[in-house]
Protein chains: 2
Amino acid sequence: MIQSVDNPKIKEISKLLISKYRKKEKKFLVEGKHLVEEAKKIGVLIEAFSTEEKEGYTQVSQAVMKKISNTDTLVKEVGLCKFIEKNILTNHILILDGVQDPGNMGTLLRSACAFGFKTVFISNLSVDIYNDKVIRASQGAIFKLNFLFGETKDFILQLKEYKVFGTNVMNGKPLETIQPKEKMALVLGNEGNGISKEVQGLNLENIYIPMDNTESLNVAIAGSIIMYHLR
Amino acid sequence: MIQSVDNPKIKEISKLLISKYRKKEKKFLVEGKHLVEEAKKIGVLIEAFSTEEKEGYTQVSQAVMKKISNTDTLVKEVGLCKFIEKNILTNHILILDGVQDPGNMGTLLRSACAFGFKTVFISNLSVDIYNDKVIRASQGAIFKLNFLFGETKDFILQLKEYKVFGTNVMNGKPLETIQPKEKMALVLGNEGNGISKEVQGLNLENIYIPMDNTESLNVAIAGSIIMYHLR
């Protein structure tokens, strides 16, 4: 049992609560038994920790658990995982061009999984998918998706066989008139500013969701409605 | 200019950051110029406060502003408002039976407004709509809707002329097969437990959203997809 928060391994692991260390080490943490088991299933679990004595888990004190977890309520299990790297391109792709709110990102991942957008591209200006709030809101979807990272414009320029849809009211077609394609990608932008200008310049086919009396929808809502329609 | 956080009026107003005082006084606070102006437009603004000197606002010190606002970042305007009471029944009604997360509630209000569900019933077990996080996530939709409060079962029993839809995979019909009705209500339940048992017993027409590989959607996503479809 690891008792001390000064244990060198624990000190190293606790650094993964910060995004830049996750990126450097290519490792992240998940909280709760359900997510630890999902991580194990897909082969990214390195080590599991629990405040209770049980098989497959390294037992740690409550103080150690507090040091390696992020939620206010006491967590009983934490999993140390390596980054999920599959690097394939499925037929339906969700492209997140600067989504910043962890709740929106996690919810979008959950919806992408539900509606068959199994590859998710994350731009450099988006929130870190390995953020604990993203993982929680994704409800395990993070382990069922394939992620790619980089500059949105460079990525879209490679998608020659794909129809790429954007979201912009200005020159958009109403969602009901849009036909799903075999190979397609949907770009969603930042909560405040939408899709970045250089990406808007790429001649996307813009979609809008008809609505009354409201300027815009939450990005996770808009994205999920469109993915449901296109699935 | 009100300088002191011990000013009796300020002390009274700051209590409205707590739900039980809001309910007792039938008053609430909004943060930011946009929401203060929306409140004024519909006639529920009692008094507006700002850290700057400007017409229509009572000037207050930064310390006072901090005492009557809830966000970490410094707010410049706060509006003291009375509860929004219209007490009418529109043709499309959203019924929230125990939605607990303020972000989900606010997002659902924003979508309800966008898709024409202009009356929202809030059950006694749901989060307070006048919570600052709900108001922020609603993006001003709170001022464009008509709210009713009470026990969900009692309310539904009064809706004799309405088709009442529920959300339950168990005996539900896929969303695509559902026809909108002139007078209809949609019931959404708690994030963990769904619609309460006594409400499920009321013979709702259940809807489910077809999906792969995922147990459920976030309630704000599911509700918004259904409202979009039924609008």
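Quick summary incoming for the structure in this document. Everything numeric in this text was worked out from a predicted model, so none of it was measured. (Residues numbered from 1 in each chain as written. Chains lettered and ligands numbered in written order. Predicted model: local features only at pLDDT ≥ 70, side-chain atom pairs only at ≥ 80, totals over all residues. Heavy atoms only, no water.)

1. As for the interface of chain B and chain A
Part 1: Each side of the interface is counted separately: chain B has 26 residues, and chain A has 26 residues.
Part 2: When chain B packs against chain A, close to 2,300 Å² is buried across both sides, 52% of that on carbon and sulfur atoms.
Part 3: Ranking the residues of chain B by area buried against chain A places Arg110, Ile221 and Tyr228 of chain B at the top, with a combined share of 25%.
Part 4: Where chain B meets chain A, there are two salt bridges.
Part 5: Between Arg231 of chain A and Glu176 of chain B there is a salt bridge, with the nearest N and O atoms lying 2.3 Å from each other.
Part 6: There are ten residue pairs in polar contact (both at pLDDT 80 or more) connecting chain B and chain A. (Contact = heavy atoms within 4.5 Å. Buried area = accessible area lost by both parts, 1.4 Å probe. Salt bridge = Lys/Arg side-chain N within 4 Å of Asp/Glu carboxyl O. Polar contact = N/O pair within 3.5 Å; in protein donor to acceptor, adjacent residues only side chain to side chain.)

2. A short note on the relation of the copies chain B and chain A
Part 1: Each copy superposes on the other: chain B lies on chain A with an RMSD of 0.0 Å after a rotation of 180 degrees and an axial shift of 0.0 Å. Given the turn and translation reported, the copies of this chain are related as if by a two-fold rotation axis.
Part 2: Here 100% of the interface residues in chain B have copies in chain A that are interface residues too; the copies meet face to matching face. (Least-squares fit on C-alpha atoms with pLDDT ≥ 70 in both.)

3. Details of the pairing of strand S11 (residues 205–208) of chain A
Along any regular strand the residues' side chains alternate between the sheet's two faces.
All names here are of chain A.
Part 1: Relative to S11, strand S8 (residues 163–167) is paired through three bridges, and the arrangement is parallel. Counterpart to Gly166 in the pairing with S11 is Asn206.
Part 2: Looking at chain direction, strand S9 (residues 173–174) and S11 are connected through two bridges and run parallel. Counted as the bridge partner of Lys173 is Ile207 from S11. (Pairing = 2+ DSSP bridges. Helix = DSSP H or I, 4+ residues; strand = E, 2+ residues; numbered from the N terminus.)

4. Description of the packing of aromatic side chains
Part 1: The full count for this structure, using the stated rule, is 14 aromatic pairs over all chains.
Part 2: Ring geometry for Phe83 of chain A versus Tyr130 of chain A: centroids 4.1 Å apart, planes at 20 degrees, classification stacked. Of this pair, Phe83 of chain A sits in the loop between strand S4 (77–82) and strand S5 (92–97) while Tyr130 of chain A sits in the loop between strand S6 (119–123) and helix H6 (132–138); the two residues are 47 residues apart in sequence, bridging distant segments of the chain.
Part 3: In this structure Phe83 of chain A comes out as buried when scored by relative accessible area, which is 14%.
Part 4: Centre to centre, the rings of Phe28 of chain B and Tyr130 of chain B are 4.2 Å apart; their planes meet at 35 degrees, and the pair counts as tilted. Note that Phe28 of chain B is positioned in strand S1 (residues 27–31) and Tyr130 of chain B in the loop between strand S6 (119–123) and helix H6 (132–138), a separation of 102 residues in sequence. Here the two residues Phe28 of chain B and Tyr130 of chain B agree in accessibility, since each one is buried.
Part 5: Put simply, the rings of Phe28, Phe83, Tyr130 and Phe143 of chain A pair up and form one aromatic cluster.
Part 6: In this structure, Lys54 of chain A is placed above the aromatic ring of Tyr57 of chain A, and the distance from its NZ or CZ to the ring centre is 4.9 Å. (Phe/Tyr/Trp six-rings, centres within 6.5 Å; stacked < 30°, edge-to-face > 60°. Buried < 20%, exposed > 50% of the residue type's maximum accessible area, 1.4 Å probe, protein only. Lys NZ or Arg CZ within 6 Å of the ring centre and 35° of its normal.)

5. Remarks on unusual backbone geometry
All names here are of chain A.
Part 1: Although it is not a glycine, Lys26 adopts a positive phi angle of roughly 55 degrees.
Part 2: On the accessibility criterion, Lys26 (45% relative accessible area) is partly exposed.
Part 3: Non-glycine residue Asn87 carries a positive phi angle of around 60 degrees.
Part 4: One can find Asn87 in the loop between S4 and S5.

6. Considerations on the environment of Asn104 of chain A
Part 1: Along the polypeptide, Asn104 of chain A turns up in helix H5 (residues 102–114).
Part 2: When the C-alpha atoms of Asn104 of chain A and Leu94 of chain A are compared, they prove to be 14 Å apart, with ten residues separating the residues in sequence.

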